[in-house]
Amino acid sequence: MEKVSLQDVQKQLKEHGLKATPQRLAIYHALVQRHDHPTAEQVYALIHKQNPGISLGTVYKTMDSLVDAGLASKVITSDGVLRFDGKTHTHGHLHCTKTGRIMDFEDEELEALLTDYFQRKKLPNFVIDHFQVHVTGQIPDSRPKS
Ligand SMILES: [Zn+2]
């Protein structure tokens, strides 16, 4: 897994018009280090020890500002739990409904196929901004989440 430095995170924030406050730095850094689409609570738990001054409310607010600035996206799951993604380029998700794990699924062939499909097949009364493949299923032999 590639390490993302605090300097990189700081640069990203600035490039997206956000002031690199210590809270934003800590929260965004924690998010981009994880690839499992954490909830705001999980990000809070991750940073709490080193940043006892950051409340869960601040994590929620900061997540929203990161999403608004285009640095993160929301992943809505079928169980209604809101999770966050530090990756903003087009990619799909494989969602294991037994463990709750959401894994990134990147496949150029599928993206190209779908892009081509939507270009050819114009949807009536609908203009597409973005599409995302979300596949649900189960990881064989995994333990259910407790
Ligand atoms: Zn993702």
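Our subject in this report is the structure included herewith.

Conventions used here
Residues numbered from 1 in each chain as written. Predicted model: local features only at pLDDT ≥ 70, side-chain atom pairs only at ≥ 80, totals over all residues. Heavy atoms only, no water. Helix = DSSP H or I, 4+ residues; strand = E, 2+ residues; numbered from the N terminus. Expected span 1.5 Å × (residues − 1). Polar contact = N/O pair within 3.5 Å; in protein donor to acceptor, adjacent residues only side chain to side chain. Axes fitted to C-alpha atoms, helices over the stretch in contact; angles between N-to-C directions. Parallel < 35°, antiparallel > 145°, perpendicular 65-115°, else oblique. Contact = heavy atoms within 4.5 Å. Nonpolar A, V, L, I, M, F, W, Y, C, P; charged D, E, K, R; others polar. Salt bridge = Lys/Arg side-chain N within 4 Å of Asp/Glu carboxyl O. Buried < 20%, exposed > 50% of the residue type's maximum accessible area, 1.4 Å probe, protein only.

## Considerations on helix 5 (residues 108–120)
For helix 5, spanning 13 residues, the distance from its first C-alpha to its last is 18 Å, which sits close to the expected 18 Å at 1.5 Å a residue. Two to three positions downstream of the cap, the backbone nitrogen of Glu109 sits 3.0 Å from a side-chain oxygen, assigning the N-cap of helix 5 to Asp107.

## Topic: the packing of helix 2 (residues 22–33) against helix 4 (residues 56–68)
As a packed pair, helix 2 and helix 4 sit with axes 10 Å apart at the nearest point and diverge in direction by 75°. Taken together, the axes of helix 2 and helix 4 are roughly perpendicular relative to one another. Residues Gln23, Arg24, Ile27, Tyr28 and Leu31 of helix 2 lie in contact with helix 4, whose contacting residues are Thr58, Val59, Thr62, Met63, Ser65 and Leu66. Of the residues assigned to the contact of helix 2 with helix 4, the class counts are six nonpolar, four polar and one charged.

## Examining the pattern of salt bridges
Evaluation of the coordinates by the stated rule reveals five salt bridges. A salt bridge links Glu106 to Lys87, with the nearest nitrogen and oxygen atoms 3.2 Å apart. Note that Glu106 is positioned in the loop between strand 4 (102–105) and helix 5 and Lys87 in the loop between strand 2 (82–85) and strand 3 (92–96), a separation of 19 residues in sequence. Using a relative accessible area of 46% as the deciding quantity, one classes Glu106 as partly exposed. Taken together, the shared-partner salt bridges in this structure form one network comprising Lys87, Asp104 and Glu106.

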